[in-house]
Each structure stands twice: as C-alpha cells, then as structure tokens.
Amino acid sequence: MTDATASFDPATASAAYRSALQVIGAVEPRVAEAIGAELADQRASLKLIASENYASPAVLLTMGNWFSDKYAEGTVGHRFYAGCQNVDTVEALAAEHARELFGAPYAYVQPHSGIDANLVAFWAVLAQRVELPALEKAGATHVNDLTAEDWTTLRRALGDQRMLGMSLDAGGHLTHGFRPNISGKMFEQSSYGTDPKTGLLDYALVRERAKEFRPLILMAGYSAYPRRVDFAAMREIADEVGATLVVDMAHFAGLVAGKVLTGDFDPVPHAHVVTTTTHKSLRGPRGGMVLAQPEFADAVDRGCPMVLGGPLPHVMAAKAVALAEARQPAFAGYARAVADNAQSLAEGLTSRGATLVTGGTDNHIVLIDVTSFGLTGRQAESALLDAGIVTNRNSVPADPNGAWYTSGVRIGTPALTTRGFGAAEFDRTAELIVDVLSGTTPTATQDGGSSRARYAMADGLAGRTRAAAAELLDAHPLYPGLDLA
Ligand SMILES: *Cc1c(COP(=O)(O)O)cnc(C)c1O
C-alpha cells in the first residue's frame, strides 16, 4: 500500500472537514466554497508537476488550530516568549523525527519554505566561516562589541564571498546564487553545467571550476536534473578547495527519506549543511528544514530572527506528523514506487519516440526535450494542459528558446504515485503525452516563421485525452471516501 492518503477513516475525516467548512462558511462562505472547489480541482487533474504532492488528512488537519496564534521566537527551551511549552513539544518532536529519519546529527524545523531554509543555511555558513573568525580576531564575542572600523571590515568581508552552483539550464535553482534571487546579490556566483553530449554532471569539470573559482560555498542539488548526484564526489571537491558543501534536497528529500538514494547519493552524511522543503516528494506540509553537522548547529539556530519571521508552530506540528509518517515502512515503499514509476514513464515516452534529457531518469523527474515534436516548452505545456495533463515547461541545457519559452517539459511522479498509480498507469500517461505532443503544431506567423507561444491541436484530441485521463483518475481517487457534501 503506497497510498498514505488512503490510510485514514473516511467517515471521521469527512465529518471533520464538513464541520470545519461550516465554521468557516459562517464567516466568509466564498472561502469555504473555494476550499471545496480546490479539492474538486485536485481530484480531477492529472498532476505531473514534479514539485507537488498530496499530504495526508492527518498532516493537513494538524495545521488548522490555535498553534497558529503562538509566538515562539527562539529555540526549544530558549524562547523570547512565555508559555511555549507545547510549541517546544512539537518542535522537539519534529526535529527528533527529522534526525532519526535522515540520520542527521542536527535538524532545524522552523524555515517556512525551501527558499527560507537556503537563506538560513547561507547565513549560517557566513556566520561560522566569516563572522566568527572576525570576532575572534577582534577579541569580541558579539557583533555589537565590534568597533565601527572592525564592523565595516566584517560587513565588507561578508559581501565578498563566492558561491558555486549548478547552472539554471542544467536544472539548478534560482536560490543557488543567481541574480534575480537575493543569493545572487549576497554572493559572487559561478556555475557548473552538464556534459553537452550526455547531459550528465561531469565531476571533473565541477572540480576544475571549483579550483579556479575557490567558492566559500559549493552548492549541490537541483529542481530539474533527472539523475542522481554523487554527493561523496561533491564533498571531495569541496574539501579540496576549502569550500563548505551545502546540498539543497528540496526536490528529492522523499527519495532520501525512503532510502532510494543511499550511500554516495544520500547527501546527509556528506554535506556540511542540507536544506529541503517538506512539501514535495517528502509529502509533508508546505515548509522547509535544515539539517547540519554539529559545527553549524548554533549558527543555524539563529535563523529566526536572522532571516526568518517568527516560527509557524502549527506547521512545525504538521512537520512532526509528516515525518512520523515518513518513518513508517510504507513510506519506503512509496519512495521506491516513485522512482520505479519514473522509469516506467521514461520508458513509455522513449519507446514512443520522445527525446529525454540524459536519455532517462534515476530519480522522480523526467525532462522531455520537445524540440523533436517541433514545439517550444510553452506550447507543449499549454497543449498538455488543454488536454487535462498538468506539467510545467522547463529549460533544457543550452536551451535554444531561452528561459521564457523553453524547450522542455518537466514531469514528475510523486503526486500520482500518492494516488496509487503504478507502472501500467504511467505507461498509459506516457502514451497520452506523446499523442498530445504529436498532434500539436505551432501556428505559423505572418512572416512565414512559427510562433513560439501559439499552437493548434488536432480535432478532438484535447477532449479525447481529457476523457482518457479522467478514466485513469477515477480508478485512483484522491482521498478516497472523503466527502464534503
Ligand atoms: C522548490 C525548491 C526550492 C524552493 O522551495 P519553496 O518552498 O518554494 O521556497 C528551493 N530549492 C530547490 C532546489 C527547489 O526545488
């Protein structure tokens, strides 16, 4: 049984939600209606967005309560507010589950999202590796004790650091030092890409780049790379150049938790600091988390109020519930199925003529290069959506269509695997995707070229595909038995 969203009593959960919606609807009925409509929409969509999932009713219900009313700045047992004993209980539980699940010496469960977790990690590395030595040199214990001159020197040093991360078109994330994100303004950034022939990470090239660039932080992790990363090799490179290895496992944390990614491919034993979201393949509430080696623990603990707003105790409570779920044997079965299903999807696509970046997958992501269908990513994404298949467009390495139109479509298996899809359903999904892409053509422009946004679909294709998708979805209902009416 991989479908943890089915492991609840439907009558009890239905009664809980009906009552909640009545209470909400008495104040603002349009919100209660929108909540109901959202469930209907999620039930009716073939969700292949690689970063999304469905949390269990237990996780979702944990977020709707009075923990939301509590201020709890500080850490467990050391709060700046009175009366935090119950927040302490849930934060300590979430952290303990996280440490046990990932085999990490230390866990910080306050970050509100993956981006926030990265900010906490970056400031912790700066604090540990730049600020602490500066304080020691000045004979001070706190920044407030520095002279004006030493403070100016420290601020300049903090702004003079480097980060090396995976390039965006190879699948890296905006928060890994790219200009539109604050990380790109904090750090001088350089990036490593993938081998143009194979699409795979080339560790010799990463090493070469690291030796030239000498970063303070070597970033690893991705949101659109369909392969495993050898974190033991990344740590070796970091050690060779004196860098701190930060791994952002936002996308694949569920595969680490479920022991699909182990040994050299498990970031936790190799990285100095690991950041993650809790709502993607990990299937928890929307939020973030930082795992760290003990030397970075104190600096990470200062995340709030260094860069984070007050902790969200209701979400930390939900993290504790989700992490408890992830420690159950069924979650390893789920994670295995996510990876196996990605194989079925990839094989279903390639056997029908689609081109995949790197030729396949060994995680939960499949990246289709849609140029062989004569389409841009934008056209493919829109045509698939018209046909009831929800994906997102994504750059491919050296993308000829740029970051807006793109040439790829990213698809992932975590959400539909939660619904109980297996090999046969993902093969059928691959068939539907190829049918849609083959039956879609770009609209001609007046100068005889082809539009990068507009397209036409073969007659009846969208409707036929919608019906086929609905058949798959009906056989694997989301939150079976949950009835709001
Ligand atoms: C999704 C993602 C994030 C951002 O997470 P949010 O919770 O949306 O802030 C950060 N890093 C990577 C690699 C991601 O995939």
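Values in this document were obtained by computation on a predicted structure and should not be read as measured data.

Peer 1: A description of the state of the cysteines should follow, citing residues and the corresponding values.
Peer 2: Applying the stated criterion across every chain yields a total of zero disulfides. No disulfide involves Cys 84; its sulfur sits 11 Å from the nearest other cysteine sulfur, which is in Cys 304. Taking relative accessible area as the criterion, Cys 84 reaches 5% and is therefore assigned buried.

Peer 1: Give a description of the nonpolar core that names residues and reports values.
Peer 2: Taken as a class, soluble globular proteins show a tendency for nonpolar side chains to be buried jointly. One finds Phe 102, Tyr 192, Leu 218, Met 234, Leu 282 and Leu 291 to be the most contacted residues of the largest nonpolar core, which totals 60 residues. Here the element with the most residues in this core is helix H4 (residues 85-102); it accounts for seven residues. Counting contributing residues per domain, this core is built from domain 1 (68-326) and domain 2 (330-475), each supplying no fewer than three. Once residues within four sequence positions are removed from consideration, Leu 218 is found in contact with Leu 164, Tyr 192, Val 206, Met 234, Ile 237, Ala 238, Ala 243, Thr 244, Leu 245 and Val 246. Within the second largest apolar cluster, 34 residues are counted, among which are Leu 356, Ala 430, Leu 432 and Ala 468.

Peer 1: Go over the UniProt feature "binding site: (6S)-5,6,7,8-tetrahydrofolate" (unreviewed entry) in the protein, please, and point to the residues and values.
Peer 2: Following the UniProt record, the feature "binding site: (6S)-5,6,7,8-tetrahydrofolate" (unreviewed entry) maps to Leu 168, Gly 172, His 173 and Leu 174 here. With respect to the helices, strands and loops of the structure, Leu 168 is situated in the loop between strand S5 (161-166) and helix H7 (182-186). Each residue touching Leu 168, except ones within four places of it in the same chain, is listed here: His 173, Leu 174 and Phe 178. Looking at the element boundaries, His 173 is found in the loop between S5 and H7. The contact partners of His 173, leaving out residues within four places of it in the chain, are Ile 115, Leu 168, Phe 178 and Ser 223. At 2.8 Å, the side chain of His 173 and the side chain of Thr 175 are in polar contact.

Peer 1: Give me the sheet that holds strand S14 (residues 392-394): which residues, what numbers.
Peer 2: Spatially, four strands are ordered S11-S12-S15-S14 in an open sheet, and the strand pairing comes out antiparallel. Here the strands that pair on one side only, and so sit at the sheet edges, are strand S11 (355-356) and S14. Taken together, the five bridges between strand S12 (residues 365-369) and strand S15 (residues 408-412) define a ladder with antiparallel strand orientation. Within S15, the residue paired with Val 366 across the bridge is Ile 411.

Cut-offs used in this document
- Residues numbered from 1 in each chain as written.
- Predicted model: local features only at pLDDT ≥ 70, side-chain atom pairs only at ≥ 80, totals over all residues.
- Heavy atoms only, no water.
- Disulfide = S-S within 2.5 Å.
- Buried < 20%, exposed > 50% of the residue type's maximum accessible area, 1.4 Å probe, protein only.
- Core = buried A, V, L, I, M, F, W, Y, C linked by side-chain atoms within 4.5 Å.
- Helix = DSSP H or I, 4+ residues; strand = E, 2+ residues; numbered from the N terminus.
- Domains from an automatic or database assignment.
- Contact = heavy atoms within 4.5 Å.
- UniProt positions renumbered as here; feature names shortened; annotations may be inferred.
- Polar contact = N/O pair within 3.5 Å; in protein donor to acceptor, adjacent residues only side chain to side chain.
- Pairing = 2+ DSSP bridges.

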